[in-house]
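Fold and geometry: a report
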Amino acid sequence: MRILVAALLMMGLSSLAATSIGEVPRQNCSAVTPQTCDIAHALGRGINLGSMFELASVGAKNPLSPDLLRLVVDNFKTVRIPVRWTNNAAPTADAKLDERFAERIDAVVDELLASGRYVILDLHHYNQIFGDRLDKSEFPVSDDVLETRLLKVWEQLAGRYAGRSQRLIFELLNEPHGRMSASRWNTLASRALSIVRRTNPTRVVIVGPVFWNNVRELPSLTVPGDRNLIVTFHNYEPFEFTHQGAPFVSRPLPTGITCCSLDQTAQIINVFNQAAIWNVQTGYPLYLGEFGSFDTGDMTSRATFTRTVRTAAEQLGIGWAFWDLSTSFGVYSPAKQAWHEPLRRALFD
Ligand code: BGC
């Protein structure tokens with residue numbers, strides 16, 4: 001079985017990736033500058049700081065302690081910080097950022113940049129713009145200021161961080177979905193990018209397709225004409241495995257699902273085949289901004305899933321960020337002050 005799976009991996013990927021044995025895999029970067037191409041390949045192994053700054057009430061549930069920050073710096077090259085900016089800004093069209101909140105993010109960004117990490121600053125969970133139910137303690141805003149607020153948030157963030165290292169990367173919006181159709185998102189993303197470009201002419205910006213950054217929607221993304229972009233996608237396939245029993249899924253999925261059968265492996269490889277084809281066709285480098293599994297799955301399966309996805313990404317020269325550090329998806333347990341060893345090995349060994 002193992003040999004068969006390995007063969008499947010090789011067949012699926014080697015025909016598409018422009019690599020040969022012994023070389024470090026590189027993606028097609030014909031649409032971007034050499035610097036952006038280098039950054040895309042330098043991102044390497046990364047982690048999401050999940051449930052730290054993107055919950056409606058930030059801070060209480062999964063705080064970023066100095067010890068956790070050290071662990072991150074010692075083990076990952078890139079840190080993606082999901083932030084619920086829109087709930088920490090005025091409800092009005094100007095979306096004036098809550099300064100105390102923004103200063104907390106500044107401190108984390110600056111410490112990570114000082115340590116030499118790449119930092120991806122991501123606008124996460126703008127629920128209302130997708131037509132999603134609001135979380136408890138999340139305030140509603142008038143529908144006609146929804147898009148303007150997103151643009152205003154980016155205007156402020158872009159100004160605020162304009163002088164920072166080029167290792168700071170902006171990600172315009174996590175997982176657009178629901179009412180954010182492809183055509184609406186294509187227009188909004190391009191407007192947000194042009195606002196960022198007024199103060200940050202060459203900083204790398206990440207943009208991803210609709211349907212929760214699903215790889216199959218890459219073709220519906222109109223990438224703005226700009227040579228400093230990286231395009232992101234997320235992979236939670238096979239979803240019945242990664243999200244079994246997760247309470248936040250609208251119709252909770254049955255538990256007891258293992259991973260990874262030949263079919264499930266093929267499903268994962270298919271995701272990366274689609275990614276590789278799109279990269280070859282467009283010349284925009286790709287980034288795997290999220291992948292992971294909820295802790296209702298058995299640990300052996302979770303480790304197999306994690307290793308399969310990570311290996312597939314690395315074979316194509318695609319940098320990745322695991323979801324996440326220390327929630328129920330996490331690779332580390334703050335309570336036990338220990339790694340979940342099988343997951344750690346699946347990411348690094
Ligand atoms: C969401 C998290 C969720 C994860 C896996 C992220 O984008 O923000 O709330 O746990 O995806 O579904």
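All values reported here derive from a predicted model rather than from experimental measurement.

**Considerations on the side chain of Gln-264**
Position of Gln-264 relative to the elements: it lies in helix α10 (residues 262-282). On the basis of relative accessibility, which here comes to 13%, the residue Gln-264 falls in the buried class. Once you skip the residues sitting within four places of it in the chain, Gln-264 turns out to touch Pro-238, Phe-241, Ile-257, Thr-258 and Cys-259.

**Overview of the state of the cysteines**
Enumeration according to the criterion identifies two disulfides in this entry. One disulfide bridge connects Cys-29 with Cys-37, the sulfur atoms lying 2.2 Å from each other. When the S-S torsion is 80°, as for the bridge of Cys-29 with Cys-37, the disulfide is right-handed. Comparing Cys-29 with Cys-37, the two get one shared label, buried. Paired by a disulfide, Cys-259 and Cys-260 hold their sulfur atoms 2.2 Å apart. Residues Cys-259 and Cys-260 are joined through a disulfide that is right-handed, its torsion about the S-S bond being 90°.

**Regarding the sheet that holds strand β5 (residues 205-207)**
Spatially, eight strands are ordered β1-β2-β3-β4-β5-β6-β7-β8 in a closed barrel, and the strand pairing comes out parallel. When the angles between neighbouring strand axes are averaged without regard to direction, this sheet yields 25°. Sheet analysis places strand β1 (residues 45-48) next to strand β8 (residues 319-322), joined by three bridges and oriented parallel. Considered in β8, the bridge of Ile-47 is made with Phe-322.

**Some details on the site of the ligand**
If you check the shell around the ligand, you find His-124, His-125, Asn-174, Glu-175, Tyr-236, His-243, Phe-248, Glu-290, Trp-323 and Phe-329 and nothing else. Here His-124 contributes a side-chain N or O atom positioned 2.6 Å from an oxygen atom of the ligand. For the ligand, an oxygen atom lies 2.9 Å from a polar atom in the side chain of Glu-290. Here the shell around the ligand is composed, by residue class, of four nonpolar, four polar and two charged.

**Description of the packing of helix α11 (residues 299-315) against helix α12 (residues 341-348)**
It is the contact of α11 with α12, at a shortest axis distance of 8 Å, that shows an interaxial angle of 15°. What the angle tells us is that α11 and α12 run roughly parallel. Of the two elements, α11 crosses α12, and the hand of that crossing is right-handed. Of α12, the residues touching α11 (which contributes Met-299, Arg-302, Ala-303, Thr-306, Arg-307 and Arg-310) are Pro-342, Leu-343, Arg-345, Ala-346, Leu-347 and Phe-348. Each residue belonging to the contact of α11 with α12 can be placed in one class, and the counts come to seven nonpolar, one polar and four charged.

**A closer look at the nonpolar core**
With 94 residues, the main nonpolar core has Ile-81, Trp-85, Leu-172, Trp-185, Phe-272 and Leu-325 as its most contacted residues. If one sorts the elements of this core by residue count, helix α6 (residues 146-161) sits on top with eight residues. The residues contacting Ile-81, other than those within four sequence positions of it, are Leu-49, Phe-53, Val-108, Val-109, Leu-112, Val-119, Ile-120, Leu-121 and Asp-122. Among the nonpolar cores identified, the runner-up in size contains 12 residues, and Ala-40, Ala-42, Ile-206 and Tyr-287 belong to it.

**What to know about the confidence of the model for the chain**
Regions with low pLDDT carry predicted coordinates that are not meant to be interpreted in detail. Per-residue pLDDT for the chain has a mean of 93; in total, 93% of the residues score no lower than 70. Between residues 1-18, whose pLDDT stays under 50, and residues either more than four places distant or in other chains, the model counts 27 contacts.

**What to know about the packing of aromatic side chains**
The geometry of an aromatic ring pair comes down to the distance between the two centres and the angle between the two planes. In the structure shown here, the tally under the stated rule is 14 aromatic pairs. Seen from their ring centres, Phe-233 and Phe-272 are 5.8 Å apart, and the 75° between their planes marks the pair as edge-to-face. Placement of Phe-233 in strand β6 (residues 229-235) and of Phe-272 in helix α10 is noted, with a sequence separation of 39 residues between them. Like Phe-272, Phe-233 is buried. Aromatic side chains Phe-291 and Trp-320 sit 5.8 Å apart centroid to centroid with 90° between the ring planes, which places their arrangement in the edge-to-face category. Of this pair, Phe-291 sits in strand β7 (residues 286-291) while Trp-320 sits in strand β8, and the two are 29 residues apart along the sequence. Per residue, the accessibility class of Phe-291 equals that of Trp-320, and both read buried. Taken together, the ring pairs in this structure connect Tyr-236, Phe-248, Phe-294 and Phe-329 into an aromatic cluster. One residue, Arg-203, lies across the ring of Phe-170, its end atom 5.3 Å from the ring centre. When the ring centre of Phe-211 is taken as reference, the NZ or CZ atom of Arg-216 above it lies at 4.4 Å.

Each value, and the rule that gives it
- Residues numbered from 1 in each chain as written.
- Predicted model: local features only at pLDDT ≥ 70, side-chain atom pairs only at ≥ 80, totals over all residues.
- Heavy atoms only, no water.
- Helix = DSSP H or I, 4+ residues; strand = E, 2+ residues; numbered from the N terminus.
- Buried < 20%, exposed > 50% of the residue type's maximum accessible area, 1.4 Å probe, protein only.
- Contact = heavy atoms within 4.5 Å.
- Disulfide = S-S within 2.5 Å.
- Pairing = 2+ DSSP bridges.
- Axes fitted to C-alpha atoms, helices over the stretch in contact; angles between N-to-C directions.
- Near = heavy atom within 4 Å.
- Polar contact = N/O pair within 3.5 Å; in protein donor to acceptor, adjacent residues only side chain to side chain.
- Nonpolar A, V, L, I, M, F, W, Y, C, P; charged D, E, K, R; others polar.
- Parallel < 35°, antiparallel > 145°, perpendicular 65-115°, else oblique.
- Left-handed = near helix turned anticlockwise from the far one by under 90°.
- Core = buried A, V, L, I, M, F, W, Y, C linked by side-chain atoms within 4.5 Å.
- pLDDT = per-residue confidence, 0-100.
- Phe/Tyr/Trp six-rings, centres within 6.5 Å; stacked < 30°, edge-to-face > 60°.
- Lys NZ or Arg CZ within 6 Å of the ring centre and 35° of its normal.

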